[in-house]
Amino acid sequence: MEAHDEKPIIYTMENKPIVTCAGDQALFTSLYNALAQQLPREPMEWRRSYGRAPKMIHLEANFVQFKEELLPREGNKALLTFPFLHIYWTDCCDTEVYKASVKDDMLRWQSTLRHHGTQDWLIVVVETDGKKKNKTNLLPRTSIMDKIRNDFCNKQSDRCVALADPLKDSSRSQESWSSFLTKLRTLLLMSFTKNLGRFEDDMRTMREKRTEPGWSFCDYFMVQEELAFVFEMLQQFEDALVQYDELDALFTQYVLNFGAGDGANWLGSFCQPVRSWNGLVLRRPIDMEKRELIQCRDASLLDLRSYLFSRQCTLLIFLQRPWEVTQRALELLHNCVQELRLLEVSVLQGALDCWVFLSCLEVLHRIEGCCDRAQLEANFSHTVGLWTYATEKLKSLGELCGLVSEKGPDSEDLNRTVDLLAGLGTERPETGEKSSSPYKKLKEALSSVEAFEKHYLVCGEPQSAALFLQDSLKSYVAEGWTLQITHTRKQVADCQKQLGQTEDYLQTSALLASDANLTDEERKHFCQEILAFASQTSSGQAQKAALSMSAFAQLRELRFRPATAVLHVGSALQLELCLCSLMPVPVHLEQLSASVLFTMEQPGQKIPYGSLQLPSLGLASAPPTLELSEIQDRSPSDNALNSTGVVCKNVHLLLRRQDSSTSMEMPGAGSASAAAVAMEDGMQQLKTLDVTLLPGNNIVHFTAPVTGTYTLRQLCATVGRVQFLLPHIYPVVQYEVYSQEPQLTIEPLSENLLAGLPQKVKFSIVTGHYTLKKGEALQLSNTESMPILHTHTCSAQILSSTGGENTLSIHSSEKVTSISLPPTLPYHTLLFHLEVLCHIPTSPARPESERLTNGEVRYRTKSHVCHNSGMASVDQKVSVDCPWSIYSTLISLTFYIPFKAKYSLLSAGKRKYIQVFLQNVSETNFRLDNQSLTQRQPTPTLELSFFNMCKKCGFLCVKWKTDPPACLQFSFSASFAPSDVPGAELKPYVYDFQLERVAEIRPGSGEQHCRTGALCGLEVSITRLTEPSDAERDDEETTETEGLRTTKLMYEVVDNSSNWAVCGKSSGLVSMPVAASATHKVQMELMPLFAGHLPFPSIKVLKYLPHNATPAIQPDTDSCLENDNLSLLDKGLDDQADTASLRSRGSVHSLGSCDQPQQPAPRVLPMPRLEPFAPGQVFNCSRGRQVLVLPAADDHILEVNAT
């Protein structure tokens, strides 16, 4: 490595901290590449003083050969040439060599460093395998290290580092190399921080002396710029920019003080006349020529400002903030002109114009060089100011040099031009080969009139100017500068007209025609421009222009008639719009149309009172006025004033975010694009023809005959070839035109319809869109169980605004009842009443609460649910044929039976007593009459006698001469009428029931009577009286064997009074044929336990459903048959009783159950299910019967002993 004898060139981004290398240069050269590449790979945390935030930096170094000339001298404040670390390299392994040469060299090296006050050094001892093989009598490396540490590093042992053969690829070498790099980074950062802190302290001390005589801004400038260079060297561009901004602010403050009469002596050097005006230089990272002028205190004001801005521009480009460069450049150019006036600097006339023009183009070219075309087009607003300023200065130069006069430049103008061109100097080398450099453009523009016109038009060409003006216009609109908006818009209109942008020009003309800042003549001129284009004939649709309506007219108010905006088909909906025309003259519209869109949903708002006020977007609308109030904070103890202030009450109106979606419709916007005001497809139109809009408010009417829910979307005004379009109507407004289908409703007038009594029902007909004509009628089907009671006429009421009653004619036949309807208009309601009567069924109604074997309530449909407890219901269905439909309407009416009847059978010897109970379960009071209990099929072997008849129950004594029959059928009848209606006609009530003989007990063979302790025979006879209904077929599981369909039943004999002991099987399954009168008999044995007239044991019959049968509801798996003890299953059905007789017999295997341990069975195991019959479905003929049991013969011998 060779040292550089010449002065180092300061060039940012290539400067690095200097590290000197002494000792074995060949050894260091072999390690240089690896060291230079790997040193900056790992970042280091840089902690600075004064509480500044730490940063992560990558350290690089410029390794140079050690020379005493590189060491800093007294007073030298240059950090870029300051060596921050000194390294001595050696690979000595021999003690003799160390003593003879290496030690002396190290002593001279350290003596030189100590002489210059440098304490940042490092000794590196490198161990190589090559030298160890050549030397056989070498001391261990640790001995050399110990000697070096003893000789040079007594107090700083970390300043000596051993490096194990770094060129060797081994883990030990890599570890040693990594440790060395960490040590090197740490020492370099420590030295850098220490020296930089010392430099900042010196710089701070120098700035504090700025009020002393002899202080020079140029000297201080060079010192603080040195600090900026250091930050830039570390790639801390933000910190470097701060240094230049501080210098800029300091110089500006001194200039302002000079203008106020407080001038500094050193400002005199900047007051010298300006001799060069070659503009800014931004293509070099550092303009060394101007820097040398500053360093020598020979720089002018323009030189200092040019150099300072060039450095700021470079750093901003590094920070990727190019648009800030344009902003700062515009401020710089204006400020320089003012500073020259404050300092009273002598400047040749036109020189400042040349400097500004060249500087503007230089900044623009610099930005174009670091940004692509898309970025430039998207940020025209940042460059438009520079283009405008450059154009103004070029125009000023043209006027000064006689290039815009009709006669051309004279001799004086030519001399002035020569003087101006001389101040430009020679062109810079970096732009010499470019034909579009600012220097060449200005020189060529001042050379002739033709060249000047060419360059002036290029700078102010309509296409570029239009873009720049549009960006300026956006800024003016955002800030609310109305006069600037108007002036700029006129310039935009001129550019658009020259470029042939017809649609954009018409939109801008509409904005200008509605601008109150212009005179009436100007507004009428732009309005005539629009009308002239609209009156031109055109054959193609493409020649039409679509413009935004916001500049032509404004929608102020919407009003619906009727106000609800909801009406039926056939009615008239009037839509009234209030349009405010912004044009200065009346405008005739060929057509004004409102676009409506059919919507399935209804997101729109309801218009209160049928009217909606829309916000105004006036051209001259000013921001809200400030509403300020004073607030004071006083001490609660002595009422002293602590603080006072001002608060704005309407800040929510002043600080609002502007909606970007409406920017094109605001009066300050430029031209609206065609896409922004395009007509939407697929919408219907409400049209009004030949409308004349006068200046101000105008009322326009529309009619909406269509059906459905529609949303107002757009408004379009057509003037010849021009269409003014309002693309969105906000807030969303809807209207609805509905079409309703006719509806028939039949409902009771009372809460419950009672069976057996005449009941009134209400017929309601909502006609909807249908018109009932004369002669049309309702056809009701007649049923035997519910006849319709009627007269030949009845009254009907039509609900309308006028009201009124009509007469209905009713005609009835055997099957149909016809009700003639009066003529009724659409969307009216027709009401009339009819009386119906539902006969009470003679068979007992099936109760609603049926329990399963696990005690759960069985589910029934809604038609069976009783509203009042205990009332059974009857559903009656009526088929109605309506004139507006070809289909019949099926309507269901639910009637409730007001009575509940039940019977009981009692026994006394051979006499049987039948007791019948009749209970009123409704809320209506009835009177009963003509109660009777008869046998439906008289039997000669029976004797019947009635006694103890009362209002609630009756007894019938039954005595038979021979064996009782298998089935006895009885009928209880009565007449009833409401008690609160005097003279009401009595209605019949009949309750039918029957008794069957189920079981018979016979004594054993050879016995006339049963005796205690002797077996008796029990015969159980099960007979199906009728075939099951469809609903019962769905509930029961049927099987078919050889053409015979059967269902399974389970029987069980239970003696709850412990009078009998069942011997053998007490329960089992039987297969019952699905046919009427089918009988199945079962024989079993039982033993009486007591003497006397014993009642028959209880016999229960249950439905047996296999596990694959679907129940009426899905019961819980706990309801499955998990225990074969049947008496436990019945506890939910009857009262719990003693079950010892069953428990003594063990399991019943006929049910298919198996012994289970006393653990919960798996819930997924399918098991058979038992379901009880409903009350009234099973008739027990043997209930209440008794059998005589004699005591057993007493054969015991009584022995008596007497003494």
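Now for a look at the structure at hand. These numbers were taken from a predicted model, which means no experiment stands behind them.

## Here we look at the packing of aromatic side chains
The geometry of an aromatic ring pair comes down to the distance between the two centres and the angle between the two planes. Counted under the stated rule, the structure contains 30 aromatic pairs. Relative to F180, the ring of W177 lies with its centre 5.8 Å away and its plane at 45 degrees, an arrangement referred to as tilted. Note that W177 and F180 are positioned in helix α5 (residues 171-208) at a spacing of 3 residues, about one turn of the helix. Each of the two residues, W177 as well as F180, counts as buried. Ring pairing ties together the aromatic residues W215, F217, Y220, F221, F251, Y254, W266, F270 and Y307, which thus form one cluster. When the ring centre of F917 is taken as origin, the NZ or CZ atom of K902, which lies over that ring, is 5.9 Å away.

## Side note on the sheet that holds strand β7 (residues 160-164)
Taken together, 5 strands build an open sheet; the order of strands is β4-β1-β5-β6-β7 and the sheet is parallel. Both outer strands of the open sheet, β4 (62-65) and β7, are each paired with one neighbouring strand and no more. When strand polarity is set aside, the average angle formed by the axes of neighbouring strands in this sheet is 30 degrees. On the sheet, helix α1 (residues 25-38) packs against β1 (18-23), β4, β5 (83-90), β6 (121-127) and β7 and is oriented at approximately 120 degrees with respect to β5. The sheet strands contacting helix α2 (residues 95-115) are β1, β5 and β6, and the helix crosses β5 at an angle near 175 degrees.

## A short note on the nonpolar core
Membership of the largest hydrophobic core comes to 121 residues, with the highest contact counts inside it found for W89 and F180. Setting aside residues up to four positions removed in sequence, W89 forms contacts with C21, A22, G23, D24, L27, F28, L31, L35, V124, V126 and F180.

## Examining the side chain of E576
Relative to the elements of secondary structure, E576 occurs in strand β11 (residues 574-581). Classification of E576 as buried rests on a relative accessible area of 14%. Of the polar contacts made by the side chain of E576, one reaches the side chain of H701; its length is 3.2 Å. Dropping the residues within four chain positions of it, E576 is found in contact with E557, L558, R559, R561, I699, V700 and H701.

## Remarks on the environment of D413
By the secondary structure assignment, D413 is in helix α14 (residues 411-422). Sequence-wise, D413 and L403 are 10 residues apart; in three dimensions their C-alpha atoms are separated by 8.6 Å. When near neighbours in sequence (up to four residues on either side) are disregarded, D413 contacts L400, C401 and G402.

## Considering the packing of helix α6 (residues 217-233) against helix α9 (residues 301-318)
At a closest axis distance of 13 Å, the pairing of α6 and α9 adopts a crossing angle of 15 degrees. Relative to α9, the element α6 is oriented roughly parallel. Where α6 crosses over α9, the two elements pack in a sense that is left-handed. Where α6 abuts α9, its residues F217, F221, E225, F229 and E232 lie against L304, Y307, L308, R311, L315 and F318.

## Some remarks on the pattern of salt bridges
By the definition in use, this model includes 29 salt bridges. Among the ionic pairs, R284 bridges to D287, the shortest N-O distance being 3.2 Å. With its nearest N and O atoms 3.7 Å apart, the salt bridge here joins K1081 to E1019. One end of the pair, K1081, is in strand β46 (residues 1078-1088); the other, E1019, is in strand β41 (residues 1016-1024), and 62 residues separate them in sequence. Residue classification places K1081 among the exposed residues on the basis of a relative accessible area of 52%. Within the structure, one salt-bridge network assembled from shared partners comprises E238, D245, R321, E324 and R328.

The rules we used
- Residues numbered from 1 in each chain as written.
- Predicted model: local features only at pLDDT ≥ 70, side-chain atom pairs only at ≥ 80, totals over all residues.
- Heavy atoms only, no water.
- Phe/Tyr/Trp six-rings, centres within 6.5 Å; stacked < 30°, edge-to-face > 60°.
- Helix = DSSP H or I, 4+ residues; strand = E, 2+ residues; numbered from the N terminus.
- Buried < 20%, exposed > 50% of the residue type's maximum accessible area, 1.4 Å probe, protein only.
- Lys NZ or Arg CZ within 6 Å of the ring centre and 35° of its normal.
- Pairing = 2+ DSSP bridges.
- Axes fitted to C-alpha atoms, helices over the stretch in contact; angles between N-to-C directions.
- Contact = heavy atoms within 4.5 Å.
- Core = buried A, V, L, I, M, F, W, Y, C linked by side-chain atoms within 4.5 Å.
- Polar contact = N/O pair within 3.5 Å; in protein donor to acceptor, adjacent residues only side chain to side chain.
- Parallel < 35°, antiparallel > 145°, perpendicular 65-115°, else oblique.
- Left-handed = near helix turned anticlockwise from the far one by under 90°.
- Salt bridge = Lys/Arg side-chain N within 4 Å of Asp/Glu carboxyl O.

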